[in-house]
Amino acid sequence: MNVALQTPPVALPKAELPKLSIAGVSKSFGDLAAVTDVSLDIRRGEFLALVGPSGCGKTTILQMLAGFEKPERGQILIDGRPVTGPGPDRLVLFQEPALLPWLNVADNVGFGLPAKPRELREETIHLLLRMVHLEKFAHLMPHQLSGGMKQRAALARALAVDPQVLLMDEPFAALDPQTREILHHELQSLWLGIHKTVVFVTHSVEEAVRLADRIAVMATQPGRIRRVIDVDLPHPRDFNSPEVAEIRAAIRDELREELQKIARKEGNDEYVF
Amino acid sequence: MNVWSKRLTALVLVLAVWEAGVKFSGAAAWLYPTPSGVVANIVGGLQGGEYLLALGSSFVRITAGFAIAAVAGLALGLLLAGSRTARELFGPVAIGVQALPSICWLPLAVLWFGLSERAILFVVVMGSLFSIALGVRDGITQLPPLLGRVGQTFGLTRWQQITRITLPGALPAILSGLKQGWSFGWRSLMAGELIYVTKGLGKSLLIGRELNDVNQVCAVMVLIVAFGVLVDRLAFGVIERRVLAKRGLAPA
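Residues numbered from 1 in each chain as written. Chains lettered and ligands numbered in written order. Predicted model: local features only at pLDDT ≥ 70, side-chain atom pairs only at ≥ 80, totals over all residues. Heavy atoms only, no water.

Looking now at the pattern of salt bridges. Tallying each qualifying case throughout the model produces 22 salt bridges over all chains. One salt bridge in this structure joins A:Asp107 and A:Arg121, with 3.9 Å as the shortest N-O distance. Of the two residues, A:Asp107 sits in helix 2 (residues 105–109) while A:Arg121 sits in helix 3 (residues 118–131), which places them 14 residues apart along the sequence. Its salt-bridge partner being B:Arg137, residue B:Asp138 comes within 3.1 Å of it at the nearest N-O pair. The exposure class assigned to B:Asp138 is partly exposed, which follows from its relative accessible area of 28%. Taken together, the shared-partner salt bridges in this structure form one network comprising A:Lys19, A:Arg44 and A:Asp79. (Salt bridge = Lys/Arg side-chain N within 4 Å of Asp/Glu carboxyl O. Helix = DSSP H or I, 4+ residues; strand = E, 2+ residues; numbered from the N terminus. Buried < 20%, exposed > 50% of the residue type's maximum accessible area, 1.4 Å probe, protein only.)

For chain B, the average pLDDT comes to 90, and 99% of its residues sit at 70 or higher. Predicted confidence in chain B is weakest over helix 4 (residues 84–99) of chain B, with a mean pLDDT of 84, and strongest over helix 7 (residues 145–153) of chain B, with 95. (pLDDT = per-residue confidence, 0-100.)

On the surface, a nonpolar cluster with roughly 570 Å² of combined accessible area is contributed by B:Leu8, B:Leu11, B:Val12, B:Val14, B:Leu15 and B:Trp18. Among the structural elements, B:Val12 can be located in helix 1 (residues 3–25). (Patch = residues over 30% accessible without salt bridge, like charges linked within 9 Å, V, L, I, M, F, W, Y side chains within 5 Å. Areas by Shrake-Rupley, 256 points an atom, 1.4 Å probe, with all protein chains shown as cover.)

Right, let's get into the interface of chain A and chain B. Residue-level contacts link 23 residues of chain A with 17 residues of chain B. Of the roughly 1800 Å² buried between chain A and chain B on both sides combined, carbon and sulfur atoms contribute 70%. Counting every contact that joins chain A to chain B gives zero salt bridges. Where chain A packs against chain B, one counts seven residue pairs in polar contact (both at pLDDT 80 or more). Breaking the side of chain A that touches chain B down by element, the ones donating at least two residues are strand 7 (90–93) and helix 4 (147–160) of chain A. (Contact = heavy atoms within 4.5 Å. Buried area = accessible area lost by both parts, 1.4 Å probe. Polar contact = N/O pair within 3.5 Å; in protein donor to acceptor, adjacent residues only side chain to side chain.)

We now examine helix 5 (residues 177–194) of chain A. All names here are of chain A. Across its 18 residues, helix 5 extends 26 Å between first and last C-alpha, which sits within 8% of the 26 Å expected from 1.5 Å per residue. Three or more residues of helix 5 are buried, namely Thr179, Leu183, His184, Glu186, Leu187, Gln188, Leu190 and Trp191. The inward-facing, buried residues of helix 5 abut strand 4 (47–51), helix 3, helix 4, strand 8 (165–169), strand 9 (197–202) and helix 6 (205–211). Among the residues trailing helix 5, His195 stands out with phi positive, at a value near 50°. (Expected span 1.5 Å × (residues − 1).)

Moving on to the side chain of A:Arg90. The residue A:Arg90 is located in strand 7 in this model. Take A:Arg90: its relative accessible area is 4%, and that puts it in the buried class. Of the polar contacts made by the side chain of A:Arg90, one reaches the backbone oxygen of A:Leu65; its length is 2.9 Å. Beyond its immediate chain neighbours, meaning those up to four positions away, A:Arg90 contacts A:Leu20, A:Leu65, A:Ala66, A:Gly67, A:Ile78, A:Val83, A:Gly85, A:Val165, A:Leu167 and B:Thr153.

Now for the packing of helix 3 (residues 50–82) of chain B against helix 6 (residues 117–141) of chain B. Interhelical geometry of helix 3 of chain B versus helix 6 of chain B gives an angle of 35° and a closest axis separation of 6 Å. Taken as a pair, helix 3 of chain B and helix 6 of chain B cross one another with a handedness that is right-handed. (Axes fitted to C-alpha atoms, helices over the stretch in contact; angles between N-to-C directions. Left-handed = near helix turned anticlockwise from the far one by under 90°.)

Looking now at the environment of A:Val83. Residues and elements named next belong to chain A. On the secondary structure map, Val83 appears in the loop between strand 6 (81–82) and strand 7. When the C-alpha atoms of Val83 and Pro97 are compared, they prove to be 24 Å apart, with 14 residues separating the residues in sequence. Ignoring sequence-local partners within four residues, the contact set of Val83 consists of Met64, Leu65, Gly67, Ile76, Leu77, Ile78 and Arg90.

The next thing to look at is the sheet that holds strand 2 (residues 20–29) of chain A. All names here are of chain A. With antiparallel pairing, four strands are arranged side by side in an open sheet as 3-2-5-6. Only two strands of the sheet have a single neighbouring strand rather than two, namely strand 3 (32–42) and strand 6. As paired strands, strand 2 and strand 5 (residues 73–78) are joined by five bridges and run antiparallel to one another. Each bridged residue has a counterpart across the sheet, and for Leu20 the counterpart in strand 5 is Ile78. Packed onto the sheet, helix 1 (residues 58–66) meets strand 2, strand 3 and strand 5 and runs at close to 120° relative to strand 2. (Pairing = 2+ DSSP bridges.)

Moving on to the confidence of the model for chain A. When pLDDT is low, close inspection of the predicted coordinates is not appropriate. All names here are of chain A. Taken residue by residue, chain A gives an average pLDDT of 85. The fraction at 70 or more is 92%. Confidence scores differ between elements of chain A, with strand 1 (residues 5–6) showing the lowest mean pLDDT of 47 and helix 2 the highest of 96. Scored below 50 in pLDDT, residues 1–8 shows 19 contacts in the model against residues more than four places distant or in partner chains.

Time to look at the packing of helix 6 of chain B against helix 8 (residues 158–195) of chain B. Residues and elements named next belong to chain B. Close contact between helix 6 and helix 8 brings their axes to 7 Å; oriented N to C, the two are set at 160°. One finds that helix 6 runs roughly antiparallel with respect to helix 8. In terms of crossing hand, the pair formed by helix 6 and helix 8 is right-handed. Each residue belonging to the contact of helix 6 with helix 8 can be placed in one class, and the counts come to 13 nonpolar, twelve polar and one charged. (Parallel < 35°, antiparallel > 145°, perpendicular 65-115°, else oblique. Nonpolar A, V, L, I, M, F, W, Y, C, P; charged D, E, K, R; others polar.)

What follows covers the packing of aromatic side chains. Residue and element names in this part refer to chain B. As enumerated under the stated definition, the model contains 15 aromatic pairs over all chains in all. Summarising the aromatic geometry, the rings of Phe59 and Phe227 are spaced 5.8 Å apart at their centres and angled 85° between planes, so their arrangement reads as edge-to-face. Of this pair, Phe59 sits in helix 3 while Phe227 sits in helix 10 (residues 214–246), and the two are 168 residues apart along the sequence. Residue classification places Phe59 among the partly exposed residues on the basis of a relative accessible area of 42%. Residues Trp112 and Phe113 carry aromatic rings whose centres are separated by 6.4 Å and whose planes lie at 85° to one another, so their mutual orientation is edge-to-face. (Phe/Tyr/Trp six-rings, centres within 6.5 Å; stacked < 30°, edge-to-face > 60°.)

Moving on: the pairing of strand 9 of chain A. Residues and elements named next belong to chain A. With six of its six residues buried, strand 9 lies for the most part within the structure. Taking every second residue as pointing to the same face, both faces of strand 9 are buried, with Thr197, Val199 and Val201 on one and Val198, Phe200 and Thr202 on the other. As defined by bridge partners, strand 4 adjoins strand 9 across five bridges and the pair is classed as parallel. Note that in strand 9 the partner of Val51 across the bridge is Thr202. Pairing analysis gives five bridges linking strand 8 to strand 9, with the strands arranged parallel. Directly across from Val165, in strand 9, lies its bridge partner Thr197. Regarding the hand of the β-α-β motif, the stretch spanning strand 8, helix 5 and strand 9 is right-handed. (Right-handed = clockwise from strand over helix to strand, strands pointing away.)

Written as structure tokens, this is what we have:
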């Protein structure tokens, strides 16, 4: 069996500095403790999924990695140096595509690229559009695209600046299941080609098991990491294989306890997961 | 029958009844204008050149005043949107001043600048400045915060945020602020020209009254409306529709 279950924080060989470090981080909004004493290292080039029920602080962690929020206690490090604010080395892909409505698809994709030299800019845009299968739609405006096309354009815009880290905040949550499936596939083959460090926030166990090398399962009240699960399976993954089933069951078990905890607090006897 | 032919038919009917009414009721011709008299006056005034001259000098004034108001309004709007302190200090003042009919600035303007072009320019600027500033402010504050975050994650500087996210994002609201500002400026100018007599359409209106020429009074009113609608629909309307259609906010 090649499924290893670990508890955080993961120990790494000293020689290999983690790409991102979340070191003893706490953050609250008013009286509400969003995350409490979270520690997690994210390795160079790995695809890490943060999974958990709503309110577990997974988005808060992503916001702190991005530099939009500052931790109250603890530190966020990139290559060993503290994160001081947002920047193009850690590009964020939001749940909404957030394309700029006044620019066409090509100009949106080229948003982070320098204006000159012009030929290089146009060539890069063309390459990226081909990569996300939007080359025929370069001159359309964002409002003329479907939801999946918009998110693909946003992904191309992010990849254009060649970020070291991609931070993805439930980027496919608003899409229909078929489109999500296609985008999973595309993201997978893109990621296999470029091996960027990816932190992917999701509440979908399927999405996490399909895409991630490691899955951090989060707990609520207070938000913290319950368990980190390695997914040491080749891509693309066969959803009917016993290994995948085993990992899904393991995550579900962790989450079921969380949901029961929430249900007890809310006074419901039955909480079907 | 489409809406334009309906409108035209209704207009022709009303004008015909009006013309006949004035002609056959024996009403005093110096009190009650007739459509034919108004048309004749407009044609005569345009051919004689008086109305073209009046229109021209009003146009120069509104253009100069509006240009000053647009630049100052943009700056003030950016300040109000960008600085909380500025908003707290000047926000209520801007709204309060906007509630003042701009012609009320004329006595002050005459005291400061004398009976000069500058006085009338001042009234026009005061009439349109605050509409523009508030339009810019609202356009910026109503921008989705997510777009600002896009700029941040791409590492834009403060200045780039303004030029690449804030201003293009707020453009539709800025345009409607400019449009409203222009229309307020035009009204202020007409009021100013009525009170402080000099060249311009306002003066032509006043001359009509002094000559007891009711047809001239109505003819100039028609010209003022026509010019106002023309600029509103043709200049601002076309630009606004294009901007909105490009973003999918209005039918192309």
